[in-house]
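# Coordinates in review
Letter by letter, the chains look like this.
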Amino acid sequence: MSDMKTIVLNKFAKVFGDCEGAKVYFAPGRVNLIGEHTDYNGGHVFPCALTIGTYAVARKREDNKLRFFSMNFEQLGVIESSLDDLKPYKEADWTNYPKGVIWAFGEKGMKVPQGMDILLNGNIPNGSGLSSSASVEVLTGYILKDLFGFEVSNQKLALIGQFSENKFNGVNCGIMDQFAIAMGKADNAIFLDTANLEFTYAPIKLEGAKIVISCSNKKRGLGDSKYNERRKECEDALASLQTVVDIKSLGELDEETFEKHAAVIGDEVKIRRARHAVYENQRTVKAVAALNANDVTLFGELMNASHDSLRDDYEVTGIELDTLVDEARKVPGVIGSRMTGAGFGGCTVSLVKDEAIDSFIAQVGENYEKKIGYAADFYVVSVGDGPCIL
Ligand code: GLA
């Protein structure tokens with residue numbers, strides 16, 4: 001941790017002249033253990049913050065300039081913008097995320113009064129489904145709160161992050177990623193009901209096992225994926241169901257009630273999308289109960305069922321994620337394995353017994369590369385806290 005502090009401060013001094021008045025911040029990435037594509041359907045999710053994430057060095061300026069530098073995109077150099085030029089339009093570089101949050105603060109009545117120099121350095125793989133973008137959003141909000149003294153809770157930071165992603169970056173994401181990052185707690189996952197934002201922390205007690213992330217290295221951007229299309233399909237299915245049942249979201253349905261009324265949706269594809277949303281929500285509730293009862297085996301089985309539903313009914317996996325999961329399940333000592341995040345590329349999450357981790361990485365890595373033609377990366381991760389000042 002302190003090593004990283006020195007690295008980013010030194011780089012900041014190099015890029016921006018000196019590091020006088022600069023402070024160092026961190027926000028985690030997240031992994032979702034179960035409850036996928038439920039957060040915009042009024043369902044439950046079960047993510048946790050990671051100890052890997054995004055580091056930032058930031059300080060106020062006396063003018064209105066915003067100067068950004070990312071150690072992950074060094075080739076782009078310093079990207080300059082201004083507080084007077086924060087428009088919710090689409091452009092290609094990463095500064096859209098911090099700019100979106102600065103813009104969103106203004107929209108929420110907290111106009112940022114001065115410019116800033118901001119350097120970022122992330123150790124979450126970009127575009128991998130571990131929420132590098134939500135990490136940058138929450139981190140930016142946390143910096144603004146600290147530098148300018150805005151009274152805003154971490155939960156509010158999550159909502160502002162989501163608002164900026166929806167309205168500034170044009171991705172209709174739910175609240176899971178920003179919430180998991182802003183509200184993270186070491187060694188705990190967050191059981192969140194996205195219908196009302198009620199949540200509880202659940203200790204991750206995986207005696208003798210660890211969380212292993214396998215990164216497919218197939219890049220995806222939420223914007224150009226079919227994310228918004230899936231969301232629309234669920235909304236259409238809900239509208240049809242609302243003609244026969246009194247519900248506000250798919251998350252209010254249990255499996256039986258859904259099956260009774262599914263035909264009213266009238267479209268085979270939309271029925272499958274809604275089926276995933278309903279069953280996945282119920283699975284998430286069952287999975288958390290299993291974990292609380294120390295039944296890690298059942299938790300793993302529910303993770304597997306989650307992936308299968310995302311593959312067959314929701315169709316957001318693809319050959320890379322399916323290969324990682326298929327290969328993982330062949331390794332003795334794997335408790336459960338599924339894709340995590342939006343899908344279409346990115347990462348899988350597996351629970352692996354300690355003694356099987358080395359063979360997991362070797363075997364899944366080798367067979368993945370043979371089949372897909374390029375290598376996957378593996379991370380044995382720990383569950384960490386939310387944003388902080390270093
Ligand atoms: C992305 C979105 C989240 C959530 C997941 C799928 O990570 O940002 O809001 O919808 O996909 O569960």
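Everything below is about the structure shown above.
Residue indices follow the written sequence of each chain, beginning from 1 at its first position. Local features in this predicted model are restricted to residues of pLDDT 70 or higher, and side-chain atom pairs are both shown and tallied only at a pLDDT of 80 or more, whereas totals for entire chains, interfaces and linings draw on every residue. Note that the side-chain values use all heavy atoms of the structure and ignore hydrogens as well as water.

## Brief notes about the overall build of the protein
Per the secondary structure count, the protein includes eleven helices and 13 strands. In terms of overall dimensions, the protein is globule-like: its C-alpha atoms have a radius of gyration of 21 Å, near the 21 Å expected for 390 residues. For the C-alpha atoms alone, the extent of the protein along its principal axes is close to 65 × 50 × 40 Å. The buried label applies to any residue whose accessible area, calculated with a 1.4 Å probe on protein chains only, is under 20% of its type's maximum; exposed applies above 50%, and partly exposed to all values in between. Expressed as a percentage of its 390 residues, the buried residues of the protein come to 59%. For the protein, the accessible surface area stands at approximately 15400 Å², while carbon and sulfur atoms represent 49% of it. Side-chain charges in the protein split into 43 positive and 55 negative, and the spacing between the mean points of these groups amounts to 3 Å. Labels follow the DSSP assignment, with helices taken as runs of H or I lasting at least four residues and strands as runs of E lasting at least two, numbered in each case from the N terminus. Only the C-alpha atoms count toward the radius of gyration. The rule for a globule is 2.2 Å times the residue count to the power 0.38. Areas reported as accessible are Shrake-Rupley estimates using a 1.4 Å probe. Residue values count occlusion only from the protein chains shown. Charge convention: Lys and Arg are scored as positive, Asp and Glu as negative, and His as well as the terminal groups of each chain are ignored. Every charge is mapped to an atom, namely NZ of Lys, CZ of Arg, CG of Asp or CD of Glu.

## Focus: the packing of aromatic side chains
Any two rings among Phe, Tyr and Trp, with Trp reduced to its six-membered ring, count as a pair given centres within 6.5 Å; such a pair is stacked if its planes are under 30 degrees apart, edge-to-face if over 60, and tilted if neither. Applying the stated criterion across every chain, the model contains 15 aromatic pairs. Where F12 meets F16, the ring centres are 4.8 Å apart and the plane angle is 50 degrees; that geometry is what we call tilted. Of the two residues, F12 and F16 both sit in helix α1 (residues 2-16), four residues apart, roughly one turn of that helix. Grouping residues by exposure puts F12 and F16 together as buried. Of the aromatic side chains, those joined through ring pairs into one cluster are F46, F191 and F299. The criterion for a charge sitting over a ring is simple: Lys NZ or Arg CZ within 6 Å of the ring centre, and within 35 degrees of the ring normal. The side chain of K108 reaches across the aromatic face of F163, ending 3.9 Å from its centre.

## Considering the environment of G115
Mapped onto the elements, G115 comes out in the loop between α2 (96-107) and β6 (116-122). Here G115 falls in the buried class, since its relative accessible area comes to 0%. Remark: the alpha-carbon pair of G115 and N367, spanning 252 residues in sequence, is separated by 50 Å. Not counting the four nearest positions on each side in its chain, G115 is found in contact with R59, K60, R61, D63, N64, K65, L66 and L83. Working rule for contacts: check all heavy atoms of both residues, and any pair within 4.5 Å makes them a contact.

## Thoughts on the site of the ligand
Taken together, 13 residues are adjacent to the ligand, and E36, H37, D39, D177 and Y227 come closest. Within 3.5 Å is the distance limit for a polar contact, defined as a pair of N or O atoms, with the added protein rule that one can donate a hydrogen and the other accept it, and that residues adjacent in sequence qualify only through two side-chain atoms. Contact distances for the ligand include 3.2 Å between an oxygen atom and a side-chain N or O atom of R30. Surface burial for the ligand is 97%, taken as the share of its 310 Å² of free accessible area covered by protein chains. Just so you know the grouping, Ala, Val, Leu, Ile, Met, Phe, Trp, Tyr, Cys and Pro go in nonpolar, Asp, Glu, Lys and Arg go in charged, and all remaining residues, Gly too, go in polar. Grouping the amino acids of the shell around the ligand by side-chain chemistry returns six nonpolar, three polar and four charged. We call a residue near a molecule or strand whenever a single non-hydrogen atom of that residue lies within 4 Å of it.

## Considering the pairing of strand β3 (residues 47-60)
For β3, the tally of buried residues reaches twelve of 14 residues, placing the bulk of the element in the interior. Think of it this way: DSSP has to see at least two bridges between two strands before they count as a pair. The pairing of β3 with β6 spans seven bridges and is antiparallel. The partner of Y55 across the bridge, within β6, is N121.

## Details of the pattern of salt bridges
Every case where a carboxyl oxygen of Asp or Glu lies within 4 Å of a side-chain nitrogen of Lys or Arg is listed as a salt bridge. In this structure the tally under the stated criterion is 31 salt bridges. Here R329 and D308 are joined by a salt bridge, their closest N and O atoms 3.2 Å apart. Of this pair, R329 sits in helix α10 (residues 319-330) while D308 sits in helix α9 (residues 296-312), placing them 21 residues apart in sequence. For R329, a relative accessible area of 30% translates into the label partly exposed. Across the pair K330 and E327 runs a salt bridge whose closest N-O atoms are separated by 3.0 Å.

## So, the environment of A376
With respect to the element layout, A376 can be found in the loop between α11 (357-372) and β12 (377-381). On the basis of relative accessible area, A376 is assigned to the buried category, the value being 9%. Among residues more than four places away in sequence, those in contact with A376 are C215, N217, L324 and Y368.

## Details of the nonpolar core
Among the buried residues, those of types Ala, Val, Leu, Ile, Met, Phe, Trp, Tyr and Cys that are joined through side-chain atoms within 4.5 Å form a nonpolar core. Ranked by size, the top nonpolar core spans 46 residues in total, and within it I102, F105, V112, M116 and L144 carry the most contacts. Counting 31 residues, the second largest nonpolar core, distinct from the first, contains F46, L50, A202 and V383.

## What to know about the pairing of strand β8 (residues 198-203)
With six bridges connecting them, strand β7 (residues 188-193) and β8 associate as antiparallel partners. Across the sheet, residue F191 finds its bridge partner in β8, namely T200.

## Looking at α2
Across its twelve residues, α2 extends 16 Å between first and last C-alpha, which sits within 8% of the 16 Å expected from 1.5 Å per residue. Of all twelve residues that make up α2, nine are buried, and the element is covered over most of its length. Among the residues of α2, those classed as buried are N96, P98, K99, G100, V101, I102, W103, A104 and F105. Next to the buried residues of α2 lie β4 (65-70), β5 (79-82), β6, α3 (132-148) and α4 (154-167). The positive-phi residue at the C-terminal boundary of α2 is G109, with phi of around 85 degrees. In a helix, the anticipated span is given by 1.5 Å times the number of residues less one.

## A look at the sheet that holds β4
Paired through their backbone hydrogen bonds, the strands of a sheet run either parallel or antiparallel. In space, the six strands of this open sheet follow the order β5-β4-β6-β3-β1-β13, with mixed pairing throughout. Looking at strand neighbours, the two that pair on one side only are β5 and β13 (388-389), the edges of this open sheet. Here four bridges tie β4 to β5, and the two strands are oriented antiparallel to one another. Residue L66 lies in a different strand from β5, and its bridge partner there is S81. Inter-axis angles, ranging from 0 to 180 degrees, are taken between N-to-C directions of lines fitted to C-alpha atoms, where helices are fitted over the stretch in contact. Strand contacts of α2: β4, β5 and β6, with the helix running at about 145 degrees to β4, the strand carrying the most contacts. Contacts between α3 and the sheet are confined to β1 (23-32), β3, β6 and β13, with β3 contributing the most and set at about 45 degrees to the helix.

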